[in-house]
Amino acid sequence: MSATVFYLFLGFTAFSTLLQLLLSLRQSRAVLLHRGRVPRDFKDVVSLEEHQKAADYALAKQRFSRWHILYETLLLLMFTLGGGLNLLAETANRLAASPLNQGVLLVVLFSLASSLLSLPFALYRSFRLEAAFGFNNMTLGTFFADQIKGLLLGAAIGIPLLYAVIYLMGAAGNAWWLWVWLLWLGFSLLMLWAFPKWIAPLFNRFEPLADEDLQQRITNLLTRTGFASNGIFVMDGSKRSGHANAYFTGLGQNKRIVFFDTLLKGMQPQEVEAVLAHELGHFKHRHIVRQIAVRFLLALLVLFALGQIIHFAAVYHGLGVAYPSHAMALLLMMLVLPVLSFPFAPLDSFSSRRNEFEADRFAAAHTHAEDLISALLKLYRSNAASLVNDRWYARWYDSHPNARERIAALRQGGQTG
């Protein structure tokens, strides 16, 4: 049985890794083939220089991605078959007396080791790749401050949760997976509610929107669409990056609309309104609620499956683990699940792209389609987003439709409101 688990794990790992590399190579090939000329649909609105910058940025990201894929696979094998988890378990067992404390310490040691091992790639991404294309505005001091704050926040929130989860796994009998899921469900909803008011301000500054004309325009849009929020805020995204974005966050009375300051620069008020209308479309069509519900359901299924195999020693041995425990089962689930789920990623991407089209139609119905098109083109330029994507790469990775499809759909079906 352990040999079967071993070969299945190696097979899935090899398949997932090779598939990721193949998709990345296909994307690089597609971008490189079209680097020399602007796609026909954009030749009047995107310059060759802008197009080539986006192509070079996409190629650089894919080169980085391929090295990162190989590194992540190496780490996965090092922690499992290479004995890394065993070494961490031995350390935790020496430092703590009770099984509960040993389990929590094992997860903490793994988190610290993972953070340290991922640090070189995080540094390279920000200070070499992003900086080379003018997107990194972060200093080393800000980078390491974020890392330290993230670790401290993770410890303050995560360690009590870990104690509760591992305790339930040992004390709640065969139905522990249901109790852990209910705990995780409540915790996740609490974090969604608390994030905008208590957590996000630890990393960024949020200020009320100061532009009175834009504020009034947005207020009118919210009134027309029946949306209520606890404020419209501008985030100092430029402190870290030149990329632009906008998002909704929070639950209940803590719902907020957040614009990156980089988004507001260079955007006309009607374009900002159209971008916000698109985000409102996600809310009105309940995309976010459905996505959260699907993730909660998948989490329930995963925990149920873990509950059925958690006591099979062959599973641990097949993955190179000599110290079975509840905490070890959680770590193995976290490590192996991405390998097993990657072939199914197109399902999630397809659903997300469909939601984007639906949100675009909502925006076109409540603002003006041409304003959203204009805003999208500015976002593509400012973010150096590639106008060309390989179709198979897009099926796996693209949560948004490509520029050509999105703009064509708006021009075809978007009626001005």
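Residues numbered from 1 in each chain as written. Predicted model: local features only at pLDDT ≥ 70, side-chain atom pairs only at ≥ 80, totals over all residues. Heavy atoms only, no water.

1. What to know about unusual backbone geometry
To be explicit about the condition: Helix and strand assignments come from DSSP, with helices taken as H or I runs of at least 4 residues and strands as E runs of at least 2, each series counted from the N terminus.
Its identity as a non-glycine residue notwithstanding, Arg286 has a phi of 60 degrees, on the positive side. Mapping Arg286 onto the fold places it in the loop between α9 (269-284) and α10 (287-309). Located in the positive-phi region is Ala384, a residue other than glycine, with phi close to 50 degrees. Along the chain, the position of Ala384 falls in the loop between α14 (369-382) and α15 (391-397).

2. Observations concerning the sheet that holds strand β1 (residues 206-208)
Worth spelling out the cut-off: Strands are treated as partners if at least two bridges between them are detected by DSSP. Note on method: axes are straight lines fitted to C-alpha atoms, helices fitted across the in-contact stretch only, with angles between N-to-C directions ranging 0 to 180 degrees.
As summarised here, the arrangement of the four strands in space is β1-β2-β4-β3, forming an open sheet in which the pairing is mixed. Of all the strands in the sheet, the pair left with one neighbour each is β1 and β3 (246-249). For this sheet, the mean inter-axis angle between neighbouring strands, taken without regard to orientation, is 30 degrees. Where β3 meets strand β4 (residues 256-260), four bridges bridge the pair, whose relative direction is antiparallel. The partner of Phe248 across the bridge, within β4, is Ile257.

3. Focus: the packing of aromatic side chains
Note the cut-off: Here a Phe, Tyr or Trp ring, Trp counted by its six-membered ring, pairs with any other such ring whose centre lies within 6.5 Å, and the pair is stacked when the planes are under 30 degrees apart, edge-to-face when over 60, and tilted otherwise. Note on exposure labels: buried denotes an accessible area under 20% of the residue type's maximum, exposed denotes more than 50%, and partly exposed covers the range between, all computed with a 1.4 Å probe on protein chains only.
Evaluated as defined, the whole model comprises 17 aromatic pairs. On the numbers, 4.7 Å between centres and 25 degrees between planes, the contact of Tyr71 with Phe121 is stacked. Taken as a pair, Tyr71 in helix α2 (residues 48-79) and Phe121 in helix α4 (residues 99-132) lie far apart in primary sequence, 50 residues in all. Residue Tyr71 is classed as partly exposed on the basis of its relative accessible area, which comes to 21%.

4. Details of the pattern of salt bridges
As a reminder of what qualifies: Each reported salt bridge corresponds to a side-chain nitrogen of Lys or Arg within 4 Å of a carboxyl oxygen of Asp or Glu.
One pass over the structure, following the stated rule, counts 14 salt bridges. The partner of Arg224 in a salt bridge is Glu273, and the shortest N-O contact between them spans 3.2 Å. Residue Arg224 is found in helix α7 (residues 212-225), and its partner Glu273 is found in helix α9; the two are separated by 49 residues along the sequence. Here Glu356 and Arg406 are joined by a salt bridge, their closest N and O atoms 3.8 Å apart. With Glu356 in helix α13 (residues 345-366) and Arg406 in helix α16 (residues 403-413), the pair connects residues that are 50 residues apart, well separated along the chain. Like Arg406, Glu356 is buried. One network of salt bridges, with partners in common, ties together Arg205, Glu207 and Asp236.

5. A few points about the pairing of strand β2 (residues 232-235)
In β2, alternate side chains face the same way, and those of Ile232 and Val234 on one face and Phe233 and Met235 on the other are all buried. As judged from the three bridges shared by β1 and β2, these two strands associate in the antiparallel manner. Residue pairing across strands places Phe206 opposite Met235, the latter belonging to β2. Direction of pairing for β2 relative to β4: parallel, over a ladder of four bridges. By the bridge assignment for β4, Met235 is matched with Phe260.

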